[in-house]
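Fold and contact review
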Amino acid sequence: MMALRVDPVRLLIADDVGIGKTIEAALIARELLDRGEIQRLAVLCPPYLAEQWQKELAEKFHIEAELVLSSTIQRLERNLPIGVSVFDRHRFVVVSTDFIKSDRRAADFELKCPEFVIVDEAHGCTLARRVGRGRQQRFELVRKIAGREDRHVVLVTATPHSGNEQPFAPAGPA
């Protein structure tokens, strides 16, 4: 209910493992879809969680999401016309954060990014700006996605927040 009182939705769902964070995030997405406030959505998650997200979205929320992973991208791009992105073709996607973080892939995703994004294991993106190239790429991707003020963003994590907001703070101007 709290998420639906703000526009755009900007929410951090942080709780213990198994408490229902996935369900909460997907409920928000389903409600916004049903209201017609969004047409497309993306879930960014580690590759080992992608199939779980796809299954949960389909079985519990009737959202048939396409997996966008290093192992599926060739098949997905095979018959696309020039200039058409996987993200143009599929309204609902579950995307591997590790796959999409590369400069080339991130640029396409940023350009075609849906209006609703769920970032699972968000601590791996938001706490990453000072640690290693790969982690910094994840941070930059999420920072740019969240930079659009009209985009709905739900961050999901089971990692406790100590109360120190500095690691979560933006690194500066976009």
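As a starting point, this report considers the structure included with it. (Residues numbered from 1 in each chain as written. Predicted model: local features only at pLDDT ≥ 70, side-chain atom pairs only at ≥ 80, totals over all residues. Heavy atoms only, no water.)

Put simply, side chains in a regular strand alternate between the two faces of the sheet. Counting buried positions along strand β2 (residues 41–45) gives 5 out of 5 residues, so the element sits mostly inside the fold. Where burial is concerned, the two faces of β2 agree: the one with L41, V43 and C45 and the one with A42 and L44 are both buried. Two elements, β2 and strand β5 (residues 116–120), share 4 bridges in a ladder whose sense is parallel. Residue pairing across strands places V43 opposite I118, the latter belonging to β5. (Buried < 20%, exposed > 50% of the residue type's maximum accessible area, 1.4 Å probe, protein only. Helix = DSSP H or I, 4+ residues; strand = E, 2+ residues; numbered from the N terminus. Pairing = 2+ DSSP bridges.)

Let us now look at the pattern of salt bridges. This model, assessed by the stated rule, comprises 11 salt bridges. Of the charged contacts, one joins R105 and E77 as a salt bridge, the two residues approaching to 2.7 Å between their closest N and O atoms. Linking R105 in helix α6 (residues 103–112) with E77 in helix α3 (residues 73–77), this pair joins segments that are 28 residues apart in sequence. When its relative accessible area of 15% is taken as the criterion, R105 is described as buried. Residue class for E77 comes out partly exposed when judged on its relative accessible area of 27%. Between K101 and D98 there is a salt bridge, and its shortest N-O distance comes to 3.9 Å. D98 sits in the partly exposed class, given a relative accessible area of 38%. Linked by salt bridges that have partners in common, E31, R35 and E37 make up one network. (Salt bridge = Lys/Arg side-chain N within 4 Å of Asp/Glu carboxyl O.)

Within the largest apolar cluster, 28 residues are counted, with the highest numbers of intra-cluster contacts made by W53, V94, F116 and V154. Those elements giving two or more residues to this core turn out to be β1 (10–14), α1 (21–35), β2, α2 (47–61), β4 (92–96), β5 and β6 (152–157). Apart from residues no more than four positions distant in its own chain, F116 is found in contact with A25, I28, A29, L32, I38, R40, L41, A42, H152 and V154. L80, I100, C113 and A122 belong to the second largest nonpolar core, which has 23 residues in total. (Core = buried A, V, L, I, M, F, W, Y, C linked by side-chain atoms within 4.5 Å. Contact = heavy atoms within 4.5 Å.)

Here the focus is the environment of D7. Note on placement: D7 falls in the segment before β1. Spatially, the C-alpha atom of D7 lies 7.7 Å from that of H152, the residues being 145 residues apart in sequence.

Another point: the sheet that holds β6. If you walk across this open sheet you meet the 6 strands as β1-β6-β5-β2-β4-β3, and the pairing is parallel. Of all strands in the sheet, those with a lone pairing partner are β1 and β3 (66–68), marking the two edges. Within the sheet, the average angular offset between the axes of one strand and its neighbour, ignoring direction, is 15°. Across the sheet, α2 lies against β2, β3, β4 and β5, angled at about 145° from β2, the strand it touches most. (Axes fitted to C-alpha atoms, helices over the stretch in contact; angles between N-to-C directions.)

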